[in-house]
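The lines below spell out each chain.
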Amino acid sequence: MVVPGRRRSIAFFVALGACVVSIVVLLYVGWVLLNWRTGILLFLGSMLLATVISGVVLNTIFLVREIRRNEQHDAFINAVTHELKTPVASIRLYLETLQTRPVEEARRLEFYRTMLEDSDRLLATIEQILRTGRMGAAGRRLNAIRVDLNGLVEDCLERARTLHRLSPEALRYRRGSPTAVVGDPDELRAAVSNLIDNAIKYSAGKVNVTVGTASLNGRYVAVLVKDEGAGIPKSELKRVFRRFYRVPGPLASRIKGTGLGLYIVRSVAKRHGGRVWAESKGPGLGSTFVLQLPICK
Ligand code: ADP
């Protein structure tokens, strides 16, 4: 199915091509009829050249955009297929084992735990895909209320500690002064949780993550998520926020993901009048993500 936006742009470029061809034909006929008038010829010739050049430039931009979109779709299908298939295959295997042969109590409980973890992973992937779709929907309104940011960050930390079975020392909180922001609590929670989950996921081995809140020049508040993990090369610091983008290399094949988490964080930041950026000294040297939001006085 062709989405309406894309259908419109394809129609525009087809019409543009048709116009360029008509102008070329008209000018050519004009040239035959008026070849004795050198001045007009020169004018029409320049017009033709300018039109053809702009047409080619616009078509090239369109083509490049389409190629990039195709690449993104390929990356998305690869990542998402894997992220959807693996937990389902794993749950199926455990269920088959439980169905076909007797399993002792301890192992059975272990199977149930693994299946629950797999279904959580599946749900998280589905939630990210749905959220990305909602973010892209034009004209979507923000259900904004006054939110206590420290409380929201604490909720996210509690969730992450339970989910990843981490101690308060492995996932620390440097609580700033009480600050309120105006926003959709569900979206803000998703953004902060994505940053925390990434910091844990990309911590090579030992998790040592610090989350903090701090006021910036009285107008903005920042949520800082700092890890001592894989780090990010300088050239990738901006790209990581693109939709479906994953830093290429061995890390991407070892640690699974869809490339949607940071895109969601950036979309949420923009919708709330804020921004997000990444800082890192390079591979292996950890990363800090800063989510900046306007303070509600
Ligand atoms: P995913 O984690 O599903 O791949 P994200 O959009 O959350 O997608 O992240 C995009 C990419 O940014 C990741 O693939 C990873 O390469 C890089 N990245 C994100 N967070 C971190 C982090 N804390 N440390 C190192 N790399 C990170």
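Quantities reported herein were computed from a predicted structural model and do not represent experimental measurements.

(A) Quick peek at the overall build of the protein chain. Along the protein chain, the regular secondary structure elements total seven helices and seven strands. Relative to the 2.2 N^0.38 estimate, which gives 19 Å for 297 residues, the radius of gyration of the protein chain is 26 Å and therefore markedly larger than a compact globule would have. Long-range contacts, defined as pairs at least 24 residues apart, comprise 71% of the intrachain contacts of the protein chain with a sequence gap of at least 6. Surface accessibility of the protein chain: about 17800 Å² in total, with carbon and sulfur atoms responsible for 63%. Distance from the positive charge centre (44 side chains) to the negative charge centre (25 side chains) of the protein chain: 9 Å.

(B) Structural detail: the environment of T51. On the secondary structure map, T51 appears in helix α2 (residues 38-100). Each C-alpha atom, one on T51 and one on R146, is 53 Å from the other, the two residues being 95 residues apart in sequence. The contact partners of T51, leaving out residues within four places of it in the chain, are V20 and I23.

(C) Local environment of the site of the ligand. Around the ligand lies a shell of 19 residues, among which N198, Y202, R246, T258 and L262 are the nearest. Interatomic distance of 3.0 Å between a side-chain N/O atom of K201 and an oxygen atom of the ligand. Between the ligand and D227 there is a distance of 2.9 Å, counted from a nitrogen atom to a side-chain nitrogen or oxygen. When contributions to the shell around the ligand are tallied by element, the ones reaching two or more residues are α5 (185-201), α7 (261-271) and β7 (287-294). In terms of residue count, the dominant contributor to the shell around the ligand is α5 (three residues). Within the shell around the ligand, the residues separate by chemical class into nine nonpolar, seven polar and three charged.

(D) Quick peek at α5. Here α5 contains 17 residues, and its C-alpha end-to-end distance of 24 Å stays within 8% of the 24 Å for a straight helix at 1.5 Å per residue. Counted residue by residue, α5 has 14 buried out of 17 residues, so it is predominantly covered. The residue sitting at the N-terminus of α5 and contributing the capping side-chain oxygen is D184; that oxygen lies 3.0 Å from the backbone nitrogen of D186.

(E) Region of interest: the sheet that holds β7. The five strands lie next to each other as β2-β4-β5-β7-β6, forming an open sheet whose pairing is mixed. This sheet does not close on itself; its edge strands, each paired only once, are β2 (171-174) and β6 (275-280). Sheet twist, expressed as the mean angle between neighbouring strand axes with direction ignored, is 15°. Set on the sheet, α5 makes contact with β2, β4 (209-216), β5 (220-227) and β7; between it and β7 the angle comes to about 170°. Against the sheet, α7 touches β6 and β7, its axis set at about 135° to β6.

(F) Representation of the side chain of Q292. If you trace the backbone, Q292 turns up in strand β7. In this structure Q292 touches L216, Y220, V221, A222, G274, R275 and W277, once residues within four positions along its chain are discounted.

(G) Fine view of a nonpolar patch on the surface. Where nonpolar side chains cluster on the molecular surface, the patch consists of F12, L49, I53, V57, L58 and I61 and spans about 550 Å² of accessible area. When residues of the nonpolar patch are assigned to their parent elements, the largest contribution, five residues, is made by α2. Tracing the backbone shows I53 in helix α2.

(H) Spotlight on the side chain of T125. With respect to the helices, strands and loops of the structure, T125 is situated in helix α3 (residues 105-136). For T125, a relative accessible area of 5% corresponds to the buried category. Not counting the four nearest positions on each side in its chain, T125 is found in contact with E83, L84 and T258.

(I) Geometry of the nonpolar core. Ranked by internal contacts, the top residues of the largest apolar core, which has 39 residues, are L171, I196, I200, V209, V211, V225 and L291. Those elements that provide at least two residues to this core are α4 (149-164), α5, β4, β5, α7, β6 and β7. A per-element tally of this core places α5 first, with seven residues. In this view, I200 contacts A160, H164, L166, L171, V207 and V209; residues no more than four positions away in its chain are not counted.

Conventions and cut-offs
Residues numbered from 1 in each chain as written. Predicted model: local features only at pLDDT ≥ 70, side-chain atom pairs only at ≥ 80, totals over all residues. Heavy atoms only, no water. Helix = DSSP H or I, 4+ residues; strand = E, 2+ residues; numbered from the N terminus. Rg over C-alpha atoms; globule rule 2.2 N^0.38 Å. Contact = heavy atoms within 4.5 Å. Areas by Shrake-Rupley, 256 points an atom, 1.4 Å probe, with all protein chains shown as cover. Lys, Arg positive; Asp, Glu negative; His and termini not counted. Charge placed at Lys NZ, Arg CZ, Asp CG, Glu CD. Near = heavy atom within 4 Å. Polar contact = N/O pair within 3.5 Å; in protein donor to acceptor, adjacent residues only side chain to side chain. Nonpolar A, V, L, I, M, F, W, Y, C, P; charged D, E, K, R; others polar. Expected span 1.5 Å × (residues − 1). Buried < 20%, exposed > 50% of the residue type's maximum accessible area, 1.4 Å probe, protein only. Pairing = 2+ DSSP bridges. Axes fitted to C-alpha atoms, helices over the stretch in contact; angles between N-to-C directions. Patch = residues over 30% accessible without salt bridge, like charges linked within 9 Å, V, L, I, M, F, W, Y side chains within 5 Å. Salt bridge = Lys/Arg side-chain N within 4 Å of Asp/Glu carboxyl O. Core = buried A, V, L, I, M, F, W, Y, C linked by side-chain atoms within 4.5 Å.

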